[in-house]
Amino acid sequence: MYKSFYNLTRNPFDLSPDPTCFVATERHNEALAALYYGIVRHKGVVVVTGEVGTGKTLMLRCLLQLFKSSSEISYAYLFNCRLSAMEFLHYVASDFGLRADAHQSKSSLLMDLSKYVTSRGLQGLNTVLIVDEAHNLSMELLEEIRLLSNLETNDDKLLQIVLVGQPELDLKLDSFELRPLKQRIALRAHLSPLDEQDTGKYITERLTIAGGTSRTESLFSPEAVKMIHQYSRGFPRLINTICENALITGYARQMPVITPDVVVGVAKDFHLTSNGSRLGKDAQGEDLDLERAKNFFLDLYASMHRINGSDSELDTPITVEAGENESDI
């Protein structure tokens, strides 16, 4: 809709993880380098974490595109971790191209996977298991992954494992139960949000990829870029959302340059002017809603205790003080 008006050949801020739109920031380059090095050098387990919207899946798509052009790398890509152990093994075997019968036993599946990975290793070929959204892996599946990492020779890891997920993945890997898996991690990387300078470079690069010219590069005023960074907090997905809708608004108003007021309007429409939560904080940073909930249950417990302690109080109603934003209970 706005492409011809702004002299663009495609939408510059699509949310779909298209590898052709990948902007290689310093943070993404470091993570990609860790992934590629860990896989090519047979390091075993590599972990990449990052908050929602930092570009983890897009980075993985770029990596998979590299793999597709290589005849020496075979990979299984898991993007839905809500599976049982048997479903997980069936999926991995199938994605590697193995024939996995629905009634096949676990021992038979593991044997087939072991033969496949070992055979490729003896030929000098690389086999990779990539798990996206790995923070959703259950403890059971993480243990299965640890056991798969035991596929190795005396001097080489035969199966390379890549775990990519939100920071909750780090919390799971730091747990006492998963310390054997944590000790097998050879490389770790973290994707952090972009700073203001990188946000400006990101926007300019996306416009260039979309066919923008030197005139298009100044499509967003410096003040608008500053506001975009403020409301997006440097998360590429939110940057895309704000910029896409700002261009639509700019086109509707026939604005040659996107100004801060347009960005503010988009941020308000998408409720980005808040911190993403309605929970209040007091001066000490304590969560008031959690405090109210705690008091509710303490009052409830005390009232129930009084009832149980005296039969004469069975008809006494339980009185709970409502919060300032709640109706009386």
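Residues numbered from 1 in each chain as written. Predicted model: local features only at pLDDT ≥ 70, side-chain atom pairs only at ≥ 80, totals over all residues. Heavy atoms only, no water.

(A) Expanded view of the environment of Leu-89. Structurally, Leu-89 can be placed in helix 3 (residues 85-95). Setting aside its immediate chain neighbours within four residues, Leu-89 contacts Lys-106, Leu-109, Leu-110, Leu-113 and Glu-144. (Helix = DSSP H or I, 4+ residues; strand = E, 2+ residues; numbered from the N terminus. Contact = heavy atoms within 4.5 Å.)

(B) Representation of the sheet that holds strand 1 (residues 45-50) within the structure. The strand order 2-3-4-1-5 describes an open sheet built from five strands, whose pairing is parallel. Each edge of the open sheet carries a strand with a single partner, namely strand 2 (73-78) and strand 5 (185-191). Mean inter-strand twist for the sheet, computed between neighbouring axes without regard to direction, equals 15°. As paired elements, strand 1 and strand 5 share six bridges and run parallel to each other. Pairing of Thr-49 across the sheet is with His-190, part of strand 5. Contacting strand 2 and strand 3 (126-131), helix 3 crosses the sheet at an angle of about 145° to strand 2. Helix 4 (residues 106-122) rests against strand 2, strand 3 and strand 4 (159-165) of the sheet, and its axis sits at about 130° to strand 3. (Pairing = 2+ DSSP bridges. Axes fitted to C-alpha atoms, helices over the stretch in contact; angles between N-to-C directions.)

(C) Structural view of the pairing of strand 1. By the criterion of burial, strand 1 is predominantly enclosed, with six of the six residues buried. On strand 1, burial covers both faces: Val-45, Val-47 and Thr-49 on one face and Val-46, Val-48 and Gly-50 on the other are all buried. (Buried < 20%, exposed > 50% of the residue type's maximum accessible area, 1.4 Å probe, protein only.)

(D) Structural context of the side chain of Asn-126. Structurally, Asn-126 is set in strand 3. Once you skip the residues sitting within four places of it in the chain, Asn-126 turns out to touch Ile-39, Val-40, His-42, Glu-72, Ile-73, Ser-74, Arg-120 and Gln-160.

(E) Broad picture of the environment of Ile-228. Position of Ile-228 among the secondary structure elements: in helix 9 (residues 222-232). Residue Ile-228 is classed as buried on the basis of its relative accessible area of 0%. Linking Ile-228 and Cys-243, residues 15 residues apart in sequence, is a C-alpha distance of 7.8 Å.

(F) The arrangement of the packing of helix 9 against helix 11 (residues 260-269) in detail. At a minimum axis distance of 8 Å, the contact between helix 9 and helix 11 shows a crossing angle of 20°. On the basis of the axis angle, helix 9 is roughly parallel to helix 11. Viewed along their axes, helix 9 and helix 11 form a crossing whose handedness is right-handed. Facing helix 9, whose interface residues are Glu-223, Ala-224, Met-227, Ile-228 and Tyr-231, helix 11 presents Pro-260, Val-263, Val-264 and Ala-267. Looking at the contact of helix 9 with helix 11 residue by residue, the class counts come to eight nonpolar, no polar and one charged. (Parallel < 35°, antiparallel > 145°, perpendicular 65-115°, else oblique. Left-handed = near helix turned anticlockwise from the far one by under 90°. Nonpolar A, V, L, I, M, F, W, Y, C, P; charged D, E, K, R; others polar.)

(G) Inspection of unusual backbone geometry at higher detail. With a phi close to 60°, Asn-7 is a non-glycine residue in the positive phi region. When you line up the elements, Asn-7 lands in the segment before helix 1 (26-40). For Asn-7, a relative accessible area of 42% puts it in the partly exposed group. For His-42, which is not glycine, the phi dihedral falls at a positive 55°. Here His-42 shows up in the loop between helix 1 and strand 1.

(H) Here's a closer look at the pattern of salt bridges. According to the stated counting rule, one finds eight salt bridges in the structure shown. Of the charged contacts, one joins Lys-182 and Asp-174 as a salt bridge, the two residues approaching to 2.8 Å between their closest N and O atoms. Owing to a relative accessible area of 35%, Lys-182 belongs among the partly exposed residues under this scheme. (Salt bridge = Lys/Arg side-chain N within 4 Å of Asp/Glu carboxyl O.)

(I) Representation of the packing of aromatic side chains within the structure. Under the counting rule described, the total for this entry stands at seven aromatic pairs. A ring pair is formed by Phe-5 and Tyr-6, whose centres lie 4.8 Å apart and whose planes are at 80°; its orientation type is edge-to-face. Among the residues examined, Tyr-6 registers a relative accessible area of 3% and is labelled buried. Ring geometry for Phe-96 and Tyr-116: centres 5.3 Å apart, planes at 40°, overall tilted. Separated by 20 residues along the polypeptide, Phe-96 in the loop between helix 3 and helix 4 and Tyr-116 in helix 4 bring together distant segments of the chain. Among the residues examined, Phe-96 registers a relative accessible area of 8% and is labelled buried. Overall, the relative accessible area of 18% leaves Tyr-116 in the buried class. Aromatic ring contacts, followed pair by pair, group Tyr-2, Phe-5, Tyr-6 and Tyr-251 into a single cluster. A cation over a ring is seen here: Arg-179 above Phe-176, with NZ or CZ 3.8 Å from the ring centre. (Phe/Tyr/Trp six-rings, centres within 6.5 Å; stacked < 30°, edge-to-face > 60°. Lys NZ or Arg CZ within 6 Å of the ring centre and 35° of its normal.)

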